[in-house]
Amino acid sequence: MVLTISRAEHMTYAAHIVATLESVAARHGDPADAIYTELFAAHPDLESLFWLDRDDGVRRSMVQQGLECILDYVGDRLTAPQIIAAARHHHDGYGVPADRFDAFFVAMRDAFRQIMSADWTPATDRAWNQMLTEFATIR
Ligand code: HEM
């Protein structure tokens with residue numbers, strides 16, 4: 001019985017995240033620009049770290065890897081914990097201390113919330129906050 005309840009909660013949590021990503025793709029398309037607008041509005045000092053990224057290649061790879069981690073995490077969870085832990089560590093060498101690494105996932109959530117507007121429900125918010133809290137513990 002405990003397992004059944006836990007499974008149902010996981011499905012609900014995952015379903016909200018997947019529904020967000022589907023909705024963002026359908027109504028907005030590529031969310032990269034919206035994500036960096038949120039990131040640099042919240043952390044203006046981080047923008048200068050991308051001065052070598054003249055063709056946006058790094059920025060787009062980050063969005064792609066972030067989305068892949070999220071989808072894996074709410075799905076089979078085969079790779080996301082390892083990728084997040086490794087990237088958190090590597091980013092220290094890029095000028096992003098471990099405790100600031102999560103700001104990118106926060107910017108993703110905030111961009112999606114803007115795009116979803118009134119369709120961003122309290123349950124959606126809880127699902128994203130729960131996942132981001134869990135991401136922050138992955139070291
Ligand atoms: C505030 C948070 C973050 C900042 C400021 C940041 C910044 C950067 C910078 C400056 C680089 C280029 C490093 C170099 O080549 O010298 C980079 C690379 C990269 N970052 Fe981030 N990052 C953040 C979070 C993340 C997250 C959460 C992910 C995904 C889980 C991620 C994935 C990547 C990937 C895949 C690359 C390599 C891109 C490539 O070379 O094609 N980053 N990051």
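This text gives an overview of the structure that appears in the document. Please read all numbers here as calculations on a predicted model, not as lab measurements.

Time to look at the packing of helix H5 (residues 103-116) against helix H6 (residues 122-137). For the pair H5 and H6, the least separation of the axes is 10 Å and the interaxial angle reads 170 degrees. Comparing the axis directions of H5 and H6 gives the class roughly antiparallel. Here H5 contributes Phe105, Val106 and Arg109 to the contact with H6, which in turn contributes Trp128, Leu132 and Phe135. Classifying every residue of the contact of H5 with H6 by side-chain character gives 5 nonpolar, no polar and 1 charged.

Bringing H6 into the picture now. Along an α-helix, residues three or four positions apart point the same way, because every turn accommodates 3.6 residues. In this model H6 runs 23 Å from its N-terminal to its C-terminal C-alpha over 16 residues, within 8% of the 22 Å that 1.5 Å per residue would give. Of the residues making up H6, those classed as buried are Ala127, Trp128 and Phe135. Each buried residue of H6 lies within a common arc of 90 degrees when the element is viewed along its axis, so the set occupies one face. In H6, the exposed positions that point more than 90 degrees away from the buried face belong to Pro122, Asn129, Thr133 and Thr137.

Reading the values: rules and limits
- Residues numbered from 1 in each chain as written.
- Predicted model: local features only at pLDDT ≥ 70, side-chain atom pairs only at ≥ 80, totals over all residues.
- Axes fitted to C-alpha atoms, helices over the stretch in contact; angles between N-to-C directions.
- Helix = DSSP H or I, 4+ residues; strand = E, 2+ residues; numbered from the N terminus.
- Parallel < 35°, antiparallel > 145°, perpendicular 65-115°, else oblique.
- Contact = placed C-beta atoms within 7 Å.
- Nonpolar A, V, L, I, M, F, W, Y, C, P; charged D, E, K, R; others polar.
- Expected span 1.5 Å × (residues − 1).
- Buried ≥ 20, exposed ≤ 12 C-beta atoms within 10 Å, placed from the backbone.
- Arc of directions from axis to C-beta.

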